[in-house]
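Observations on chain architecture
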There are 2 protein chains.
Amino acid sequence: MSTLPPGISAPASALLVRRSTGARQATLRESNLALVARIIQAHAVPPSRADVATAASMTRATVSRLVDELVAAGIVEEAARPAQPRRGRPATPLVPGSRLVALGLQVDVGFLAARVVNLRGEIVTEHVTPGDFVASDPAATLRRLGAVGTSLMSALPAGLRIIGAGLALPGIVSVEEGLLRRAPNLGWTDVRPARLLGERFLAGLPLTIGNEADLAAGTVAETAPGRPGPLTDFLYLSGGIGIGGAVVRAGRVAAGRHGWGGEIGHVCVDPAGPTCRCGSTGCLEQYAGRHALLAAAGLTDTTPSGQVRHHAAAGDPAALRAIATASGALAVALASVINVVDIPTVVLGGYLGQVLPWLRPDLEDQLRARVLSARWAPPRIVAADTGPAPGATGAAFVKLAAVINDPARWIELTGPTGHVG
Amino acid sequence: MSTLPPGISAPASALLVRRSTGARQATLRESNLALVARIIQAHAVPPSRADVATAASMTRATVSRLVDELVAAGIVEEAARPAQPRRGRPATPLVPGSRLVALGLQVDVGFLAARVVNLRGEIVTEHVTPGDFVASDPAATLRRLGAVGTSLMSALPAGLRIIGAGLALPGIVSVEEGLLRRAPNLGWTDVRPARLLGERFLAGLPLTIGNEADLAAGTVAETAPGRPGPLTDFLYLSGGIGIGGAVVRAGRVAAGRHGWGGEIGHVCVDPAGPTCRCGSTGCLEQYAGRHALLAAAGLTDTTPSGQVRHHAAAGDPAALRAIATASGALAVALASVINVVDIPTVVLGGYLGQVLPWLRPDLEDQLRARVLSARWAPPRIVAADTGPAPGATGAAFVKLAAVINDPARWIELTGPTGHVG
């Protein structure tokens, strides 16, 4: 294992094996294709065939054959050789393909997003529309998102092949059934988005739906296509109007028995606190959600994003007080979660990441006092480097990761050349 | 898999395979010995060799050879044949061995316990000493527990073989290092119990330590030696002076990255609440721990166990108010945990299980309001049927399970006959 690049961890490899032995027995070729694809994905510096052979403990000849297959399918590309090699004929650097892309969609309480992402994790094109979708009509909202997606797809550069679409939703999702059971802030219950997005839009495009925080967390983990992060075990909080959450272990979202776990935004901070849209009281998002923070800072929701941060930076006492309230609530909720799941690394997304410099001192102090094991594993807080609508990116990543984790299946589905029609 | 008895679940089998392929490649004989041992453990009605062959999908001859090995090692015994078979020669029922036993120890804030348990999960002998060990001296307390253990061992029936000892502790334990890092209610920090128990007592006996709730949870799970329970996924709460907790998934305690998770007793119920011994405020055990409940009910700690239940049964308003407070706090903490880990089954141990009839109505109502996914997976609360000091039983079970999960290793260590010296 020691020759594998850092992004390829033992759990990820083990996972691959377990998946493959589930429905069908993976052939050696299938496992090897996946291993080579993952190595090329995870290398920070584009590796040569020889580098891949070393990392995979395979012969040069075997790796060359596998790489040729991956190149033909568009999963891997050969980059330009360096201009001035030190000696001899330069090796060809291998990079993830740029032509296979996935569509990531997101419905948030505050925006609709559509984004096309390639296997390198690069955003090819995107469209984020702000709006107020509290208590919105699911059919109208999803039709509108479908229209956003359609306009995006129609303007797509030539030569790209869309492998599938993912949709991130702020609530309890039954992934296998394609069913959003409940999104408290949207006010949606029992919605099947595939139909409502518009048949014409999705024609032939397989749609996967998921919880926005679970999907966003995947953009930060070491398994993120094209840009492996350094983290394998962490708690993720999406800092939006609602606060979604995810528990990530060994690079995978641990969403629990039905896939409904990770709802850190609905950990109770004070049972006597304000009523939450979920029906409970004193949920974390009532103190640290974007609306709560803006209200406490005396700002309105129409102010541009980043407003709280600017006011805090300017020393505005109301903004600093609002952040102190949020940090107290975050400390209570996160300490409870860390005491139960024993994962002391927290990644703050969205506006929570933006205000981290002002949150951090108090939050870290309180976590040290509240987490039982803080003395031996002091909680660490980092800001997610995700940009807006990370759920949409994560939704695209799920589709892209499926190709990387099982290239043989993709090749089988599309034929050996994988060329764009 | 469908021919396996209910106690042998797919996850357990998968686990077995994963463990075995870790350090060394399990031979077919090793895997088969373990499978046969587990089948005999899990069968509610003692199976014959033919039953085992069916369940394991092996030939009669192979199973007979494996069973003979397990019988010679004392891991399995042949029970008396039924007196009146329906037809032909009766098959010999196979049961777990009665001569291999493990010593389970427990230090609790309110008692010391030592218990000898056999492979059938039967208690051979035990000694539970009540006491007050709040802020006690670790050396003196563990010396005293060692003395309790010694008196127990010296009175052990002849013909038993002790395979090892386990020790349950109410705190943050580093299992691999044999180190108790912190037990807030005992006031202990950085204690290595193996040395303090007394060298003479433990002479040659391998000691494993663990968190009391993690170990107690193992006595309820489907993997419990000799008495497989029906549960694979649940939250466990130990109802003592402190409230320990465990998260169990697929029959295994999910104790997190360092093994320090599951501390449901230190989930914050109200940040403005009373200071906890852990240094935080408003922890669940400050509302629902035994001391808190007795104080709220106007009872003293010297009253016999079960006192709160008797007062509640008699309709004592103070006792009922105390239970209502505990139930409110339990609802807040458990809802937060279920929202994060998505496991809607809760097993209440100790006195919490005893007062469940009075806790249940309010607790279930509040959980339905506070758990996001309650509509589709309504939380279920059950009382653990564990008796006193379940941590001690669980500590013995860990040692016994090691023999069942890898009989080949045990046979290798002890020679083929496994007889008592």
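Helix and strand counts for chain A come out as 16 helices and 15 strands. The buried share of chain A, taken over its 421 residues, is 57%. For chain A, the exposed area adds up to about 16800 Å²; of that, 54% sits on carbon and sulfur atoms.

All names here are of chain B. Running from N to C, helix α2 (residues 28-42) and helix α16 (residues 407-414) cross one another at 105°; their axes reach a closest spacing of 7 Å. Taken together, the axes of α2 and α16 lie roughly perpendicular to each other. Residues Arg-29, Glu-30, Leu-33, Ala-34 and Ala-37 of α2 form the contact with α16, whose own contacting residues are Pro-407, Ala-408 and Ile-411. Taken together, the residues that form the contact of α2 with α16 break down as six nonpolar, no polar and two charged.

Another aspect to go through is the relation of the copies chain B and chain A. What connects the two chain copies is a rotation about an axis and a shift along it. For the match of chain B to chain A, the screw axis carries a shift of 0.0 Å, the RMSD comes to 0.0 Å, and the turn is 180°. On the angle and the small slide along the axis, the relation comes out as a two-fold axis. Within chain B, the C-alpha atom positioned nearest to the axis of rotation is that of B:Asp270, 2.6 Å from it. A share of 100% of interface residues in chain B that are also interface residues in chain A marks the association as one of identical surfaces.

Take the sheet that holds strand β11 (residues 234-239) of chain A next. By definition, the strands of a sheet pair up through backbone hydrogen bonds, in either a parallel or an antiparallel sense. Residues and elements named next belong to chain A. Taken together, the five strands give an open sheet; going across it, the order is β13-β12-β11-β14-β15, and neighbouring strands pair in mixed fashion. Edge strands, defined here as strands with exactly one partner in the open sheet, are β13 (252-253) and β15 (380-383). Where strand β12 (residues 243-249) lies against β13, two bridges are found, and the strand directions are antiparallel. Its bridge partner lying in β13, Arg-249 is registered against Arg-252. Contacts from helix α12 (residues 317-341) reach β11, β12 and β14 (345-348), with the element oriented near 150° to β11. In the packing of helix α14 (residues 356-370) onto the sheet, contacts are made with β14 and β15, and the angle to β15 comes to roughly 165°.

Before going further, it helps to spend a moment on helix α2 (residues 28-42) of chain A. Residues and elements named next belong to chain A. The terminal C-alpha atoms of α2, which comprises 15 residues, lie 21 Å apart, in line with the 21 Å expected from a rise of 1.5 Å per residue. Counting buried residues in α2 gives 11 out of 15 residues, a clear majority hidden from the surface. Listed as buried for α2 are Glu-30, Asn-32, Leu-33, Ala-34, Val-36, Ala-37, Arg-38, Ile-39, Ile-40, Gln-41 and Ala-42.

Next up on the list: the side chain of B:Asn32. Residue and element names in this part refer to chain B. Structurally, the position occupied by Asn-32 is in helix α2. What makes Asn-32 buried here is its relative accessible area of 17%. With near-sequence residues (within four places) excluded, Asn-32 lies in contact with Met-58 and Leu-66.

Before going further, it helps to spend a moment on the domain arrangement of chain A. All names here are of chain A. Per the domain assignment, the segments making up chain A are domain 1 (10-96), domain 2 (100-217 + 389-414) and domain 3 (234-383). At the junction of the two partners, domain 2 supplies 18 residues and domain 3 supplies 19 residues. Buried area between domain 2 and domain 3, both sides added, is near 1400 Å², and the carbon and sulfur share of it is 55%. Three residues, Asn-185, Asp-214 and Ala-217, lead the burial of domain 2 against domain 3; their summed loss comes to 33% of the area buried on that side. Applying the counting rule to domain 2 against domain 3 returns zero salt bridges. There are four residue pairs in polar contact (both at pLDDT 80 or more) connecting domain 2 and domain 3.

Moving on: the sheet that holds strand β7 (residues 172-174) of chain B. Residues and elements named next belong to chain B. The three strands are arranged β7-β8-β9 in an open sheet whose pairing can be described as antiparallel. Bordering the open sheet on either side are β7 and β9 (188-191), each of which pairs with just one other strand. Adjacent strand axes in the sheet meet at a mean angle of 10° when their direction is disregarded. Two strands pair when backbone bridges link them, and strand β8 (residues 179-183) and β9 are joined in this way by three bridges, in the antiparallel orientation. Following the sheet pairing, Leu-180 is matched in β9 by Val-191.

The next subject is the interface of chain B and chain A. The interface is formed by 47 residues belonging to chain B together with 47 residues belonging to chain A. Taking both partners together, chain B and chain A bury about 3800 Å²; carbon and sulfur atoms supply 58% of that area. When the area that chain B buries against chain A is broken down by residue, the three leading residues are B:Val340, B:Leu372 and B:Trp376, summing to 20%. For the pair chain B and chain A, the number of links is two salt bridges. Residues A:Asp233 and B:Arg257 are paired through a salt bridge, measuring 3.0 Å at the closest nitrogen-oxygen approach. Counting across the interface, chain B meets chain A through 26 residue pairs in polar contact (both at pLDDT 80 or more). Elements with a minimum of two residues in the side of chain B that touches chain A: β8, β9, β12 (243-249), α12 (317-341) and α14 (356-370) of chain B. With six residues, α12(B) is the single largest residue contributor to the side of chain B that touches chain A. Partitioned by chemical class, the residues of the side of chain B that touches chain A number 21 nonpolar, 14 polar and 12 charged.

Conventions we followed
Residues numbered from 1 in each chain as written. Chains lettered and ligands numbered in written order. Predicted model: local features only at pLDDT ≥ 70, side-chain atom pairs only at ≥ 80, totals over all residues. Heavy atoms only, no water. Helix = DSSP H or I, 4+ residues; strand = E, 2+ residues; numbered from the N terminus. Buried < 20%, exposed > 50% of the residue type's maximum accessible area, 1.4 Å probe, protein only. Areas by Shrake-Rupley, 256 points an atom, 1.4 Å probe, with all protein chains shown as cover. Axes fitted to C-alpha atoms, helices over the stretch in contact; angles between N-to-C directions. Parallel < 35°, antiparallel > 145°, perpendicular 65-115°, else oblique. Contact = heavy atoms within 4.5 Å. Nonpolar A, V, L, I, M, F, W, Y, C, P; charged D, E, K, R; others polar. Least-squares fit on C-alpha atoms with pLDDT ≥ 70 in both. Pairing = 2+ DSSP bridges. Expected span 1.5 Å × (residues − 1). Domains from an automatic or database assignment. Buried area = accessible area lost by both parts, 1.4 Å probe. Salt bridge = Lys/Arg side-chain N within 4 Å of Asp/Glu carboxyl O. Polar contact = N/O pair within 3.5 Å; in protein donor to acceptor, adjacent residues only side chain to side chain.

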